[in-house]
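Structural overview for review
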Amino acid sequence: MNGIDGPIAHEADVLIIGSGPVGCTFARKLVEAGRSVLMIDAGAQLSRRYGEHLKNSYLFQKNIDLFVSVIKGNLLPLSTATNREPVLTLDPSAFSYDPDKYAGFSLRNQNPEQRKHLNLPAAAATYAVGGMATHWTCAVPRFHPEVERRYGGQDYPIDEKEMDKLYDEAESLLARNTSVFASSARHLLVKRVLQRAGEGLDDVTELPLAVSDRADSAQTSAVTWSAADTVLGELADPAHTPSQGSFTLLPEHQCVRLEITGSGKHQKVRHAVVRNLRDVREEVRLRAETYVVACGVIPTPQLLFNSGVTLPALGRYLTEQPMSFCQVVLQQEHMDHIEEILRAESGATPGTATGSASGGGDDPAGTAADRVARYRAAQLKRLHSGDKCADPVPFPPDERDPNLALLVTEQRPWHCQIHRDAFTYGAVPPNVDPRLIVDLRWFGISRPRPENKVTFSRSLRDTFDMPQPTFHFCLDEAERKETDRMNEHMLRTASALGGFMPGSEPVFLTPGLPLHIAGATRMGANPLNSVVDEYSKVWNIDNLYLGGNGLHPFGNASNPTLTSVATAVHAADTIVKGHPGH
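Attention here is on the structure that accompanies the text. (Residues numbered from 1 in each chain as written. Predicted model: local features only at pLDDT ≥ 70, side-chain atom pairs only at ≥ 80, totals over all residues. Heavy atoms only, no water.)

**Considerations on the environment of Asp216**
Summarising the element assignment, Asp216 is placed in the loop between strand E11 (209–213) and strand E12 (223–225). Residue Asp216 is classed as partly exposed on the basis of its relative accessible area, which comes to 28%. In the structure, Asp216 is positioned 46 residues away from Ala170 in sequence and 26 Å away in space, judged by C-alpha atoms. (Helix = DSSP H or I, 4+ residues; strand = E, 2+ residues; numbered from the N terminus. Buried < 20%, exposed > 50% of the residue type's maximum accessible area, 1.4 Å probe, protein only.)

In structure tokens form, the structure reads like this:
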């Protein structure tokens with residue numbers, strides 16, 4: 001933690017490390033308060049505006065399954081256990097060596113310290129301006145107050161009433177919406193079928209999403225997905241000059257270390273040591289009054305470890321969601337009776353529904369039923385006239401995807417998403433009409449235990465020349481039983497909708513694949529079992545704040561981004577007003 005001499009290349013009121021929605025929340029709030037903000041990210045800028053959602057591209061709006069390759073290309077695995085199996089079919093004359101003699105050698109960034117059965121092999125980080133929000137699902141539910149904001153007799157570090165206010169602001173920053181898909185015939189059919197399926201499914205509701213209609217929504221089913229640029233607002237335009245404060249973003253600049261001075265409970269970050277990844281010979285020192293690290297749930301504690309931070313909870317109390325998945329093809333019976341199913345709920349008779357062709361009006365289900373009836377009749381007329389290009393699927397092509405949820409309850413402590421989206425799994429075969437496909441993703445919960453942790457090597461380095469992370473994680477018996485109960489619930493939901501699509505039958509996904517790890521820099525009231533206080537300030541370091549999913553202390557089944565943005569709002573307000581402990 002000793003300081004090093006050298007020229008200070010840049011100075012600002014606040015240095016923010018990481019440019020995802022959480023870092024951008026800090027930036028927007030602090031610039032609005034008149035602060036000069038310098039933001040850096042190890043990743044490249046992939047869009048004209050800082051941190052746009054790549055799924056907003058016209059191509060991916062037309063064919064969401066093509067977006068899978070974008071997601072895969074932007075995920076860097078964090079810990080891959082070494083594979084020492086010999087290549088038995090290798091030409092005998094080719095170079096070879098005894099792997100037992102070189103057991104610690106790291107090949108292609110594999111991790112010889114990683115035990116396979118304790119790994120989260122699908123855990124990954126995104127290195128790009130905008131972070132993982134360049135390709136996220138945009139699901140933004142609130143944490144359940146009893147299940148996810150209370151555990152083991154402990155309340156969430158931030159007061160419940162205060163959290164509700166923070167959630168309101170976070171939802172505004174992310175442009176939360178539940179109406180964009182709500183009038184779609186596909187969405188309404190799935191919703192009505194589940195509502196009639198009985199207890200445990202009848203509370204199905206719209207999935208809260210960070211999304212908005214486009215200006216041309218009357219002519220297209222395309223939407224605008226929120227991302228880091230949404231949070232930044234006008235600051236996302238590189239040419240924008242704010243009326244107060246200032247904002248600068250440096251892509252491909254990696255913070256490798258924070259130089260920390262002082263000792264005990266009175267430490268401060270003196271400056272950040274940063275590499276220019278476009279020219280790694282260039283190392284600069286960035287100085288600020290306040291430092292914010294929000295560069296990912298694993299890279300954040302990794303940076304703290306490399307900076308000499310030794311808090312006992314750092315990297316411990318790790319949680320991740322067990323997850324089950326399947327895809328179903330809607331039942332023939334549902335498709336044959338779409339109009340009747342929708343009208344039975346709306347009370348409308350054929351031809352009497354009001355509203356625009358794309359909207360809901362006063363009776364969205366009746367309007368959707370009329371759209372389907374008109375389209376079905378038109379296609380049958382084409383078919384009967386000998387036109388073999390008639391569409392056999394009665395949904396009009398511009399009907400938006402279903403986006404529904406069964407939210408966490410005390411009796412059902414898992415989060416359920418019933419929708420369509422691109423992931424690194426569950427691609428639709430080209431001979432199956434995607435309008436018939438519904439994805440079911442069920443997210444469970446694991447609870448914090450100190451033995452579930454990520455550690456950082458003192459000898460091995462990762463792709464970015466930082467200490468290699470190693471996972472030590474497993475579910476306990478109670479969590480495994482609850483996950484089995486969760487899977488049974490998913491199967492019952494699937495059976496109400498249709499049959500399993502070949503290749504996407506029910507499966508538990510590879511640990512880490514939800515990409516919702518939490519707890520590694522958890523928030524709490526005690527420096528012995530947490531890393532930051534309720535204001536997101538690192539214990540004992542007066543000018544260092546953290547942000548991101550790593551702060552959530554109790555485990556969560558719901559998607560964590562909204563809550564992460566809410567805690568960042570709280571922390572940014574604290575930086576502006578001054579920490580109560582100072």
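The structure having been displayed, the exposition proceeds.
**Details of the packing of aromatic side chains**
Taken as a whole and judged by the stated rule, the model has nine aromatic pairs. With 5.5 Å between their ring centres and 85 degrees between their planes, Tyr97 and Tyr102 make a pair best called edge-to-face. Residue class for Tyr97 comes out partly exposed when judged on its relative accessible area of 40%. Between the aromatic rings of Tyr151 and Phe554, the centroid separation amounts to 6.4 Å while the plane-to-plane angle is 50 degrees, which identifies the pairing as tilted. Here the residue Tyr151 occupies a position in strand E7 (residues 150–151), and Phe554 occupies one in the loop between strand E25 (544–546) and helix H12 (561–577), the gap between them amounting to 403 residues. (Phe/Tyr/Trp six-rings, centres within 6.5 Å; stacked < 30°, edge-to-face > 60°.)

**Side note on the layout of surface pockets**
Put simply, the largest pocket is a space of about 640 Å³. The wall of the largest pocket is formed by 27 residues, among which Gln61, Lys62, Arg186, Ser221 and Asp401 lie closest to the centre. Contributions of two or more residues to the lining of the largest pocket are made by helix H2 (58–62) and E12. In terms of residue count, the dominant contributor to the lining of the largest pocket is H2 (four residues). The class makeup of the residues in the lining of the largest pocket is nine nonpolar, seven polar and 11 charged. By volume, the second largest pocket is sized at about 460 Å³. Looking at the second largest pocket, it is lined by 20 residues, and the ones nearest its centre are Glu85, Pro86, Val87, Tyr97 and Pro99. Across the lining of the second largest pocket, the residue classes tally to 13 nonpolar, four polar and three charged. (1 Å grid on protein atoms, 1.4 Å probe; cavity = no way out; pocket = protein on both sides within 12 Å on 5 of 7 lines; lining within 4 Å. Points joined across faces, edges and corners; volume = space filled by probe spheres on them. Nonpolar A, V, L, I, M, F, W, Y, C, P; charged D, E, K, R; others polar.)

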